[in-house]
Amino acid sequence: MIVLLLLSFSSLAVWGQEPWGLKGEADDFDIDFQSGFQRLPRQVVVSQRSDSKPHMTDFIVKSTIFSRYAFTAVSSTMVNRASRPKDAVFQMQIPAAAFISNFTMIIGKKVHQSEVTSKAKKSKDKIKEHSGKNDMDSEVEIFTVTVSLPARTKGLFLLTYEELLERCLGKYTHVISVRPKQIIPKLLVEIHLMEHSGITLLEVAPLRNSKQISQSTAASPPPSTKINQTRTTAHIRFAPSIIQQAGISENGVLGDFIVRYDVNRELGVGEIQVQNGYFVHYFAPKDLPPVPKNVVLVIDTSASMVGKKIKQTKDALFTILNDLRPTDHFNIINFSSRVKVWQDGKLVPVIRETLRDAKKYIYLMSPSGGTNINDAIQTASKLLKAYIAQQDKSVRTVSLIIFLTDGRPTIAEIQPHKILNNTRKAVENKFCIFSLGIGRDVDYKLLERMSLENCGVMRRIDEDSDASTQLEGFYDEIGTPLLSDVRVDYSEDSVEYVTQNFFTNYFNGSELVIAGKLRNSTIDNLHVQVTASTSDKHLMLEADMIINDTRKSSNNAKGGSNDAKLIQRAWGYLTIKELLRSRLKNSSSREKEILSDKARNLSLEYHFVTPLTSLSVMNSDEQSSGSTENVMNESEVKDERTQSLQRMTKPDSTSLRKRKKTIVVSKTSADGDPHFVVDFPLSKLSVCFNIDGQPSNILRLVSDHEGSGVTVNGQLIGAPAPPSGHKKQRTYFSAITIIVSKPSRSYIEITPHKVIFDSRDRFILSCDKTIEVESEGLAVSVTAHSKVTVTIQEYTSFVILLHQYKNPAPYQRDHLGFYILNSRGLSSNAHGLLGQFLYSEFQIIETAMNTSGPVRQQTQTGAQTKGSEGSKGPVIMLNIKDRLVPVVKKQRRIYNGQHQVDCWFDKNNAINLIDGSYKDYLVSHLFETTTSSAIEL
């Protein structure tokens, strides 16, 4: 049996609890497939042909939520009725904040149980910091398993995951994905909710099939939903019939089943749940006056924001301005290549005149230029610090920067670690930075670290849905600060291993959560002290919490001993998350190692798979011998989020040698100084030319954004010429970017040492290792120290040669060569320094320079032209698009000198050979896709 596990997560775990109602089902093969069916509408057909793919007979999801900690079990049965093996695909979307805690397959009578192991430590020179799976990265992750299901066999897939629900805008939200992708006989979602403090609000939202989050309570729950509720418990059941499923979605993608609720709380030290010596403390006071805030809105107005993005951003900003309170102060900064400040040197009060002028300023914002993130943050920090210094110290306020961008830094300082260092020095722990990234081209790791290091958070904004609503929703979360400088302390002799207990701000509708471990699990009281600042005074709350009653009531709750582990697992969950966040923020390699060891050990103890652990699956006959089969291919991917891999292989050395022997030589290229070569297959001739660019110039090589959606840019780096050279300096390509906008936005950035591949998923691949990945129709293949091959939708291929030097001379630089291997997927309107020639033809002619008569010319294939009296001899010209370009015969070597090309060489830096001029092919940043109007076709 072949098992291919395709994982869209980076945190997995196993908890040995059997899901409800699944025991013994694997051995029961006498299934009456017809008994669960009702008569279907004509357009809904459940195929039962012998050659069809495996059919799903049931899809069951059951969740238990105990004191905000949710344990969810998913089971799905598939049957292969065919006479030969078929691939069965089990797929489940899970919340990005969740840890998967078990995966088991029962194929026939064989059990395949998951096991969590520690990842091998990487050498220091290969360590790439990443956050792993993070609720700030994305709303969901996708878990996918593909298994070959034998003929006439049943497969049972069991998946469990856990998460601590986060309170946002006054509600806890539990989301279950219901996307079996088939109309199935038995579909069930069941949720058991237990909150000892009492449930004050409970709602089941309509099924959601988009990423836009709606807090509306007006709409009705999905059909067939039943809700039973008491003061402290609730039971929700969703079991649509086949007809009801077909009425929602004929393809079996029903959407997200969403439950929102809140609990009873009073102004005090909060609620503490204790079990087995572990506790979780929830603190969310109410009925407090808002603290005035000083806010600087920093908005990206670079060229990539043009169109829908800037329109939705403006709409959101108008709403945010309307939500500012009269006690607040604000300013607006927009940045592209330059940084512009609306009101220089000050923050202004919220009055009718300032709001009117601010809206006018926002309305007139126009996208253009590059992305100068560093200077924008520095300007905002200087402005905000100066204002704070001038404030009356008796006035308590909350200061923050809201930073929004859709791209990576391309102007001024572009090194992320330098931007982070500059930001830390500028902020000086005086205010917080909240970051928002729109779309796929953002350096989310940079934004995440920038926010984490400066007491803020980062959120992704999906440009494909209603971005303005998402932006407004994020502001709603942080728009009403109620407390600042919140500190929670416990008596020192009572607790140990406490997670974060100091919080810069507390916002209305949220909740502060602290987890800890009691030194003595038999104590009856826990002393708690909370200090904070409100809008007009310092606040101190103290209480001796009686914990015996909490422990006893918890142990007597429904679920018995299994539920008694939930608080302990919530402590483990929060502690690991805290360690991973601290590891991400820390700049000391020694401290990182210590934090990594702690997080790794806890992950293994609780059977969580984090960025520091791996998942394996065992056969039932392998369990006795103790051997395991690794199905999570670690390979050489330095992944930030290893999602939905369609292909990830590491070829052996034999296959690699064969591939090199059968390489297809492409002549159309830009390599070396750089030297450009253009192949004209119909003419069976090639043309070559040079362009003397300047270091840091970014050249448009291929421009087909409106056609195939493909754009290729290359950035130049300078180097001194060799002593024997006639030039003062040489230029080479130091980075190549390939941007693909169809069918979805993706980009690939290639340097001599790494490849960043951002599609639906994000990969960082080392050029020192051989590896291949594929996602969203894009395939990237790295041959170690040799080349990178990029294939787009099978019909377009580029090869990027890696020129690396072990001991470079002073005039040598690691650089890249760019080759167009297959251009069939590019449209006839393709342009760029190389792209404009893909569908062009030319002729070579000879012209006789005659001072006394007209010019005589003849094609090269004709008879030799004889010059008349007064002729200075024949001149060979290239005729392209009715332009004559003098050329000479020359030879070029390509592919590191392995191949020689005979070509006609244009000596005049491509003047008249290319459309427009060299400057028309300069772009402001590596990810720009717009085309100069001077060369638009």
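Details of the structure are given in the entry above.
Residues numbered from 1 in each chain as written. Predicted model: local features only at pLDDT ≥ 70, side-chain atom pairs only at ≥ 80, totals over all residues. Heavy atoms only, no water.

Another point: the overall build of the protein chain. Summing up its helical and strand segments, the protein chain has 13 helices and 55 strands in all. The contacts in the protein chain between residues at least 6 apart in sequence include a share of 69% that link residues at least 24 apart. Carbon and sulfur atoms make up 48% of the accessible area of the protein chain, which totals about 39,900 Å². (Helix = DSSP H or I, 4+ residues; strand = E, 2+ residues; numbered from the N terminus. Contact = heavy atoms within 4.5 Å. Areas by Shrake-Rupley, 256 points an atom, 1.4 Å probe, with all protein chains shown as cover.)

Strand residues, when the strand is regular, have side chains that alternate between the two faces of the sheet. Most of strand β26 (residues 481-490) is tucked away: seven of the 10 residues are buried. Bridge count between β26 and strand β28 (residues 502-507): five bridges; the pairing is antiparallel. The residue bridging P481 from the neighbouring strand is F507, located in β28. Pairing geometry for β26 and strand β30 (residues 525-533), over five bridges, is antiparallel. Note on β30: the bridge partner recorded for D489 is Q529. (Buried < 20%, exposed > 50% of the residue type's maximum accessible area, 1.4 Å probe, protein only. Pairing = 2+ DSSP bridges.)

It is the contact of helix α5 (residues 416-427) with helix α6 (residues 444-452), at a shortest axis distance of 10 Å, that shows an interaxial angle of 20 degrees. Overall, the two elements α5 and α6 adopt an arrangement that is roughly parallel. In this structure, α5 crosses over α6, and the sense of that crossing is right-handed. Contacts between α5 and α6 involve P416, I419, L420 and T423 from the former and L446, R449 and M450 from the latter. (Axes fitted to C-alpha atoms, helices over the stretch in contact; angles between N-to-C directions. Parallel < 35°, antiparallel > 145°, perpendicular 65-115°, else oblique. Left-handed = near helix turned anticlockwise from the far one by under 90°.)

What follows covers the pattern of salt bridges. Summed over all chains, the structure comprises 30 salt bridges. In this structure, K293 and D328 form a salt bridge, with 2.8 Å as the shortest nitrogen-oxygen distance. Pair noted here: K293 is in strand β19 (residues 293-300) and D328 is in the loop between α2 (308-323) and β20 (329-335), with a separation of 35 residues, a long-range link. Looking at K293, the relative accessible area reads 1%, which means it is buried. Accessibility expressed as a relative area gives 1% for D328, which makes it buried. Between R487 and D489 there is a salt bridge whose closest N-O contact spans 3.2 Å. The exposure class of R487 is partly exposed, given its relative accessible area of 37%. Judged by its relative accessible area of 23%, D489 falls in the partly exposed class. Through salt bridges with shared partners, a single network forms among R68, R167, E195, D262, R265, E271 and E511. (Salt bridge = Lys/Arg side-chain N within 4 Å of Asp/Glu carboxyl O.)

A sheet is described by the order of its strands in space; here four strands give the open sequence β17-β18-β29-β27, paired in antiparallel fashion. Looking at the sheet topology across the chains shown, the edges are occupied by β17 (271-275) and β27 (495-496). Pairing between β17 and strand β18 (residues 278-283): five bridges, direction antiparallel. When the bridges of β18 are listed, Q275 appears paired with Y278. Across the sheet, helix α10 (residues 566-585) touches β17, β18 and β29 (512-518), and the angle it forms with β18 is around 70 degrees.

Glancing now at the sheet that holds strand β10 (residues 167-168). Whether parallel or antiparallel, the strands of a sheet pair through hydrogen bonds between backbone atoms. Taken in spatial order, the four strands of this open sheet run β10-β11-β16-β13, and their pairing is antiparallel. Looking along the sheet, the strands with just one partner apiece sit at the ends: β10 and β13 (199-204). Two elements, β13 and strand β16 (residues 255-263), share five bridges in a ladder whose sense is antiparallel. If you follow L201 over to β16, its bridge partner there is D262.

Now for the side chain of R600. As for its placement among the helices and strands, R600 is situated in helix α11 (residues 589-605). What makes R600 buried here is its relative accessible area of 10%.

With 55 residues, the main nonpolar core has F676, L701, I738, V788, I800 and F818 as its most contacted residues. It is strand β42 (residues 729-740) that contributes the most residues to this core, four residues altogether. For I738, the residues in contact, after removing those within four places along its chain, are T711, V712, S746, Y747, I748, I750, V790, I792, F798 and I800. With 44 residues, the next largest nonpolar core counts V145, L149, I191 and L202 among its residues. (Core = buried A, V, L, I, M, F, W, Y, C linked by side-chain atoms within 4.5 Å.)

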